[in-house]
Amino acid sequence: MSDKKFSVVIAGGGSTFTPGFVISLCANQDKLPLRKLKLYDIDADRQKKIGDACAIIVKEKAPQVEFEYTTDPEEAFTDVDFVLGSIRVGKYEMRSQDEKIPLKYGVNGQETTGPGGMAYGLRSIPAIIEIIDFMEKYSPNAWMVNYSNTIAIVSEACRRFRPNAKVVNICDMPIDDMGRMAAIAGLKSFKDLDFTYYGLNHFGWWKSVTNKKTGEDLMPLLKEYVKKNGYYVGGDFDKETEASWVATFKKVADCYALDPTTLPNNYMQYYYFPQYEVENANPNYTRTDEILEYRQKIVFGECARIVKEGTAKGNLWESEVHSNYIIDICHAIAFNTHEKYLANIPNNGAICNFPDDAIVEVPCLFGSNGVQPLVVGEAGRFQLGLMMEQVTCEKLVVDAYEQKSYIKMLQAFALNKTVPDASVAKKILDDMMVVNKPYWPDLK
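Residues numbered from 1 in each chain as written. Predicted model: local features only at pLDDT ≥ 70, side-chain atom pairs only at ≥ 80, totals over all residues. Heavy atoms only, no water.

The name given to the chain in an unreviewed UniProt entry is 6-phospho-alpha-glucosidase, with the source organism recorded as Lactobacillus leichmannii. Heading Sequence similarities (unreviewed entry) of the UniProt record for the chain holds this comment: "Belongs to the glycosyl hydrolase 4 family." (UniProt positions renumbered as here; feature names shortened; annotations may be inferred.)

Draft legend 1. Fine view of the packing of aromatic side chains. Counting across every chain of the model gives 18 aromatic pairs. Seen in terms of ring centroids, Phe-6 and Phe-335 are 5.6 Å apart; in terms of plane orientation they differ by 85°. Their pairing is edge-to-face. Linking Phe-6 in strand S1 (residues 6–11) with Phe-335 in helix H14 (residues 321–335), this pair joins segments that are 329 residues apart in sequence. Residue class for Phe-335 comes out buried when judged on its relative accessible area of 19%. Ring centres of Tyr-272 and Phe-382 lie 5.8 Å apart, and the angle between their planes is 45°; this geometry places the pair in the tilted category. (Phe/Tyr/Trp six-rings, centres within 6.5 Å; stacked < 30°, edge-to-face > 60°. Helix = DSSP H or I, 4+ residues; strand = E, 2+ residues; numbered from the N terminus. Buried < 20%, exposed > 50% of the residue type's maximum accessible area, 1.4 Å probe, protein only.)

Draft legend 2. A look at the sheet that holds strand S7 (residues 193–200). One open sheet accounts for three strands, arranged S7-S8-S9; its pairing is antiparallel. At either margin of the open sheet sits one strand with a lone partner, and together these are S7 and strand S9 (263–264). Of the pairings in the sheet, the one linking S7 to strand S8 (residues 203–211) comprises eight bridges and is antiparallel in character. Directly across from Tyr-197, in S8, lies its bridge partner Trp-206. Along the sheet, helix H8 (residues 219–229) makes contact with S8 and S9, crossing S8 at roughly 130°. Here helix H15 (residues 381–403) sits on the sheet in contact with S7 and S8, set at roughly 60° to S7. (Pairing = 2+ DSSP bridges. Contact = heavy atoms within 4.5 Å. Axes fitted to C-alpha atoms, helices over the stretch in contact; angles between N-to-C directions.)

Draft legend 3. Geometry of the packing of H8 against helix H9 (residues 243–258). Where H8 contacts H9, the two axes come as close as 6 Å, and the packing angle between them is 110°. Compared by their axis directions, H8 and H9 come out roughly perpendicular. Seen from H8, the contacting residues are Lys-223, Val-226, Lys-227, Lys-228 and Asn-229; seen from H9, they are Phe-249, Lys-250, Val-252, Ala-253 and Tyr-256. Split by residue class, the contact of H8 with H9 holds five nonpolar, one polar and four charged. (Parallel < 35°, antiparallel > 145°, perpendicular 65-115°, else oblique. Nonpolar A, V, L, I, M, F, W, Y, C, P; charged D, E, K, R; others polar.)

Draft legend 4. Geometry of a nonpolar patch on the surface. A contiguous nonpolar surface patch, about 390 Å² in accessible area, is contributed by Tyr-285, Tyr-294, Ile-298 and Leu-316. Mapped onto the fold, Ile-298 is located in helix H13 (residues 295–309). Taking the relative accessible area as the measure of exposure, Ile-298 reaches 47% and is therefore partly exposed. (Patch = residues over 30% accessible without salt bridge, like charges linked within 9 Å, V, L, I, M, F, W, Y side chains within 5 Å. Areas by Shrake-Rupley, 256 points an atom, 1.4 Å probe, with all protein chains shown as cover. Salt bridge = Lys/Arg side-chain N within 4 Å of Asp/Glu carboxyl O.)

Draft legend 5. View of the nonpolar core. If you look at the biggest cluster of nonpolar residues, it comprises 91 residues, and the most contacted ones within it are Leu-37, Phe-82, Leu-84 and Phe-366. If you tally residues by element for this core, the top one is H14, at eight residues. Non-local contacts of Leu-84, meaning those with residues more than four positions away in its chain, are made with Val-8, Val-9, Ile-10, Ala-11, Phe-21, Val-145, Tyr-147, Ile-326 and Cys-330. In this structure, Val-9, Ala-127, Met-135 and Ala-412 belong to the second largest nonpolar core, which totals 48 residues. (Core = buried A, V, L, I, M, F, W, Y, C linked by side-chain atoms within 4.5 Å.)

Draft legend 6. Focus on the packing of helix H4 (residues 91–104) against helix H5 (residues 114–138). At their nearest, the axes of H4 and H5 sit 8 Å apart, and the two run at 150° to each other. Classified by the angle their axes make, H4 and H5 are roughly antiparallel. Judged by the sense of rotation from one axis to the other, the crossing of H4 with H5 is right-handed. Facing Met-94, Arg-95, Asp-98 and Pro-102 of H4, the residues of H5 in contact are Pro-115, Gly-116, Ala-119, Tyr-120 and Arg-123. (Left-handed = near helix turned anticlockwise from the far one by under 90°.)

Here it is, written out as structure tokens:
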């Protein structure tokens with residue numbers, strides 16, 4: 001490994017995930033040596049609460065790293081090697097609307113799937129394009145690793161509007177499922193697994209899972225377990241797993257039953273069982289309310305404590321798997337390792353019987369020139385039908401943005417598998433247009 005050190009900016013520095021990510025960056029100086037770490041956000045007050053605590057964390061854990069936070073794009077994006085995209089346009093106030101408006105009409109309310117996911121994606125497009133433009137203006141050799149949702153829609157917008165940008169769109173959700181697979185198989189980490197996976201973001205399936213060291217086929221063992229338990233592991237592994245996620249991981253058993261030849265991403269429940277999701281949801285208290293009541297209060301409270309005491313010793317965060325995964329991806333790009341991870345990219349033959357211009361989530365080799373997709377073969381007939389419907393919805397959302405078209409957005413809602421008919425789609429869209437007025441284009 002060379003002696004090169006890197007400059008990183010986290011775009012969305014006011015996120016509640018930022019302190020944990022900063023700790024992971026500090027703990028992984030052997031993988032991604034830093035000379036500078038910056039936070040960028042458009043919400044100065046929110047970022048200051050996070051940034052002041054992160055300054056103390058960096059000073060104590062990696063004092064050689066220069067740290068700053070800013071709302072000035074030129075300052076943030078000048079002299080950086082990696083831009084890490086972690087933005088939420090409209091913050092939790094709009095996420096709450098994404099969840100609650102569909103539920104009012106008997107449709108699943110979830111931040112990245114169904115109407116909520118499409119609403120979120122439409123908000124995200126201009127912000128992600130703006131960040132890409134800042135990066136290209138001030139640090140044209142930098143790479144952006146984007147994990148801002150809704151990834152499939154954002155990736156389609158990147159394909160259309162910034163096709164030559166050095167952007168890699170990734171999602172860390174599959175590694176959570178793979179971490180559970182590793183635990184089921186008695187292995188330490190998802191990194192102990194080799195795999196073949198294909199689909200769309202939050203919409204995919206594993207065709208194979210093997211022990212990376214021995215080559216043992218783990219699918220029979222995993223299928224037998226998942227058939228009964230889903231991806232729920234229990235014991236110490238799940239001692240801190242929230243109840244809503246426990247239910248999610250257990251529900252995978254029902255999803256698996258629809259196609260026992262593959263293992264599903266845990267998000268498939270929202271498409272396979274939309275009525276179940278609605279029946280088990282509280283339209284007045286959704287996932288956003290849980291986060292605001294617990295995680296956000298805890299994170300901002302801990303940041304205030306660190307600033308008040310002037311030390312991050314004994315803080316509640318640890319270097320964790322999701323942020324470590326993003327660091328692994330940066331490492332692969334920085335040092336041209338050609339490690340295998342998932343990315344959301346134009347298909348171009350990776351899934352042989354799927355359109356080339358569709359954004360798919362498939363294994364890729366990551367290196368200094370970006371990602372090289374691996375061919376995963378054909379999609380099964382069942383999966384192909386589902387994928388064609390979903391990818392069309394995602395393209396229609398980007399059409400709506402590009403053309404400022406009400407009818408395109410209505411078509412996206414009406415086509416989606418979670419929405420029962422076009423009249424319901426229109427009611428949801430009309431309500432969402434009102435609350436999204438500050439963020440969406442003026443749809444005509």
